[in-house]
Amino acid sequence: MTGTRIAALGHYQPAKVLTNHDLAELVDTDDAWITSRVGIRTRHIGGPDEPVDELAAHAAGKALATAGLTPDDIDLVLVATSTAIDRSPNTAARVAARLGMASPATMDLNVVCAGFTHALATADHAVRAGGSRRALVIGADKMSDVADWTDRTTCVLVGDGAGAAIVEAVDDEVPGAAPGIGPVLWGSVPEMGHAVRIEGTPPRFAQEGQSVYRWATQQLPALARQTCERSGISPEELAGVVLHQANLRIIEPLAAKIGAVNAIVARDVVDSGNTSAASIPLALAKLVERGELASGAPVLLFGFGGNLSYAGQVVRVP
């Protein structure tokens, strides 16, 4: 049976850094108020000449370079984003054009904060089914474009960035096979679709923070344990946990509730804010780049948020 693995990762963030002290000059807030509620200290903000597809292409280029591949080695490009301004060409097509790819299939997925884990599962399925040989999976969002910079409850949360992964086939039957991607656990809570929104003209990000907090802290631990079960691994065996980087008050207690007592827990939200679909690949790529996770180590990825949708899988570090 053909399985899949993540061959390489890449990430990118705009150069401009917005601190909590900077935000205090825009809205009625301060560093203590922000850090006590969500744990964020800084976030990266793209300029007007940095569209989502540019952020995505930078992250993709790093992943390709790390893997030692060329753009022509990719036959499928999936971009998870909910902040692209234009409908067509889609973001994936624009990324392919920026990278000079020949003729890949290109698709965008809008599952908001759970977008990357949905896209990763889609690439896994496509490669396993023989529809793709090697896929480029990107989570990219420019949340600053949809933020209400007069609303202190939401503008303090958001940041911009992108993370990318290259997914390729691996033979599951080969002893000591390369790092793999486990089965996905995904779903949604349709009646809570109103809890996280990007809607209107112009579109604006809004959320019911307490509703999302209660759902994540009460429901997510059991879903995360089910995800581990599908990969045949116990939470105690996890080397890392990378949840959607929404709020440090959600992230920190969850690893303990999941039972991942030996895992490194990603806390990139402190430096990057909530980057929506970019948050998981961004945080994972940084942990790998810093050498905090060993090659082959099992890591739980779990995205949740807008729609209210969720998706998770256990992956092996490239």
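The structure displayed is predicted, hence computed values, not measured ones.

I'm lost on the side chain of Arg43 in this one. Help?
You can see Arg43 is positioned in strand β3 (residues 42-44). Of the side chains with opposite charge, Asp22 lies nearest to the buried Arg43, which makes no salt bridge, at 7.1 Å. There is a polar contact of 2.7 Å between the side chain of Arg43 and the backbone oxygen of Val156.

Where do I start with the sheet that holds strand β7 (residues 160-171) in this structure?
Spatial ordering of the open sheet is given by β1-β7-β6-β4-β5, a layout of five strands whose pairing is mixed. Whereas interior strands pair on both sides, the edge strands pair on one side only; in this sheet they are β1 (2-12) and β5 (105-109). Ignoring strand direction, the axes of neighbouring strands in this sheet form an average angle of 20°. Note: strand β4 (residues 76-80) against strand β6 (residues 134-142), five bridges, orientation parallel. Looking at the pairing, Val79 lines up with Ile138 of β6. Along the sheet, helix α4 (residues 91-99) contacts β4, β5 and β6; its crossing angle with β5, the most-contacted strand, is approximately 135°.

Help me out: how do you make sense of the pairing of β1 in this one?
As a general feature of sheets, a regular strand has side chains that alternate between the two faces. Among the 11 residues of β1, eight are classified as buried, and the element is accordingly described as predominantly covered. The pairing of β1 with β7 spans 10 bridges and is classified as antiparallel. In the sheet register, Tyr12 faces β7, and the bridge partner there is Ala162.

How do you make sense of the sheet that holds strand β12 (residues 264-265) when you look at a structure like this?
Within a sheet, each strand pairs with its neighbour through backbone hydrogen bonds, oriented either parallel or antiparallel. Within the open sheet, the five strands sit side by side as β8-β14-β13-β11-β12. Their pairing is mixed. Only two strands of the sheet have a single neighbouring strand rather than two, namely β8 (185-188) and β12. Here strand β11 (residues 240-243) pairs with strand β13 (residues 298-304) via four bridges, running parallel. By the bridge assignment, Val241 is partnered in β13 with Leu300. The sheet strands contacting helix α5 (residues 115-128) are β8, β13 and β14 (309-316), and the helix crosses β14 at an angle near 60°.

I tried to follow the packing of helix α7 (residues 209-230) against helix α8 (residues 248-258) on my own but got confused; where do I start?
Two quantities define a packed helix pair, namely the angle between the axes and the distance from one axis to the other. Where α7 contacts α8, the two axes come as close as 9 Å, and the packing angle between them is 35°. Taken as a pair, α7 and α8 cross one another with a handedness that is right-handed. Each of Tyr213, Ala216, Thr217, Leu220, Pro221, Ala224 and Arg225 in α7 lies in contact with α8, whose residues at this interface are Arg249, Ile250, Leu254, Lys257 and Ile258. The class makeup of the residues in the contact of α7 with α8 is eight nonpolar, one polar and three charged.

Criteria and cut-off values
Residues numbered from 1 in each chain as written. Predicted model: local features only at pLDDT ≥ 70, side-chain atom pairs only at ≥ 80, totals over all residues. Heavy atoms only, no water. Helix = DSSP H or I, 4+ residues; strand = E, 2+ residues; numbered from the N terminus. Buried < 20%, exposed > 50% of the residue type's maximum accessible area, 1.4 Å probe, protein only. Lys, Arg positive; Asp, Glu negative; His and termini not counted. Salt bridge = Lys/Arg side-chain N within 4 Å of Asp/Glu carboxyl O. Polar contact = N/O pair within 3.5 Å; in protein donor to acceptor, adjacent residues only side chain to side chain. Pairing = 2+ DSSP bridges. Axes fitted to C-alpha atoms, helices over the stretch in contact; angles between N-to-C directions. Contact = heavy atoms within 4.5 Å. Left-handed = near helix turned anticlockwise from the far one by under 90°. Nonpolar A, V, L, I, M, F, W, Y, C, P; charged D, E, K, R; others polar.

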